[in-house]
Amino acid sequence: MGLKWYYIISSLLFIIYLVNGLIAIPQLSLTGDEGDHMNYAIRFAKMHPEKVKPFDDASTMPMSVLNTIPRAVEQLANPSLKKLTGV
């Protein structure tokens, strides 16, 4: 496969992930540690990944920032949207 197919497949996987997130977000409930992961992901996206609570800040995985992409797109599409997730 050439480099062109790499970009096509990568783009398609990203679009599938984004659409799946946009469809699933309104239907899913929070899990126990989702708030920690989302808080860290938002801080990471804002370029401030430092732990704010050294012992309670459970998530330090940079991949968590991928979870903010569908939510950010949803927020851009509907600026008046308010989610009660603690972030």
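Caption draft 1: Examining the overall build of the protein more closely. Secondary structure assignment for the protein yields 3 helices and 0 strands. Written out in order from the N terminus, the α and β elements of the protein read α-α-α. Across the 87 residues that make up the protein, the buried fraction comes to 18%. Nonlocal contacts in the protein, meaning residues at least 24 apart in sequence, comprise 54% of its contacts between residues at least 6 apart. By element, 68% of the accessible surface of the protein is carried by carbon and sulfur atoms, the whole surface being about 6700 Å².

Caption draft 2: Representation of a nonpolar patch on the surface. Residues Trp 5, Ile 8, Ile 9, Leu 12, Leu 13 and Ile 16 make up a contiguous nonpolar surface patch of about 590 Å² in total accessible area. Note that Ile 9 resides in helix 1 (residues 3-24).

Caption draft 3: Summary view of the packing of helix 1 against helix 3 (residues 68-77). Helix 3 packs onto helix 1 with a crossing angle of 65° between their chain directions and a minimal axis gap of 9 Å. Here helix 1 and helix 3 pass one another in a crossing that is right-handed. Contacts from Phe 14, Tyr 17, Leu 18, Gly 21 and Leu 22 in helix 1 reach Ile 69, Pro 70, Val 73 and Glu 74 in helix 3. Partitioning the contact of helix 1 with helix 3 into residue classes produces 7 nonpolar, 1 polar and 1 charged.

Caption draft 4: Up close: helix 1. Compared with the 32 Å implied by 1.5 Å per residue over 22 residues, the 32 Å span of helix 1 between its first and last C-alpha is a close match. Looking at helix 1, one finds that the buried residues are Leu 18, Gly 21 and Ala 24. Buried residues in helix 1, looked at end-on, bunch into an arc of 140°, giving them a common side. Among the exposed residues of helix 1, those oriented more than 90 degrees off its buried face are Lys 4, Ile 16 and Ile 23. Along its buried surface, helix 1 packs onto helix 3.

Caption draft 5: Examining the confidence of the model for the protein more closely. For the protein, the mean per-residue pLDDT works out to 76, and 75% of the residues sit at or above 70. Within the protein, no element has a lower average pLDDT than helix 2 (residues 34-45), which sits at 74, and none a higher one than helix 1, at 90.

Caption draft 6: Region of interest: the environment of Gly 21. The topology assignment puts Gly 21 in helix 1. Relative accessible area serves as the criterion here: at 11%, Gly 21 is assigned to the buried category.

About the criteria used
- Residues numbered from 1 in each chain as written.
- Predicted model: local features only at pLDDT ≥ 70, side-chain atom pairs only at ≥ 80, totals over all residues.
- Heavy atoms only, no water.
- Helix = DSSP H or I, 4+ residues; strand = E, 2+ residues; numbered from the N terminus.
- Buried < 20%, exposed > 50% of the residue type's maximum accessible area, 1.4 Å probe, protein only.
- Contact = heavy atoms within 4.5 Å.
- Areas by Shrake-Rupley, 256 points an atom, 1.4 Å probe, with all protein chains shown as cover.
- Patch = residues over 30% accessible without salt bridge, like charges linked within 9 Å, V, L, I, M, F, W, Y side chains within 5 Å.
- Salt bridge = Lys/Arg side-chain N within 4 Å of Asp/Glu carboxyl O.
- Axes fitted to C-alpha atoms, helices over the stretch in contact; angles between N-to-C directions.
- Left-handed = near helix turned anticlockwise from the far one by under 90°.
- Nonpolar A, V, L, I, M, F, W, Y, C, P; charged D, E, K, R; others polar.
- Expected span 1.5 Å × (residues − 1).
- Arc of directions from axis to C-beta.
- pLDDT = per-residue confidence, 0-100.

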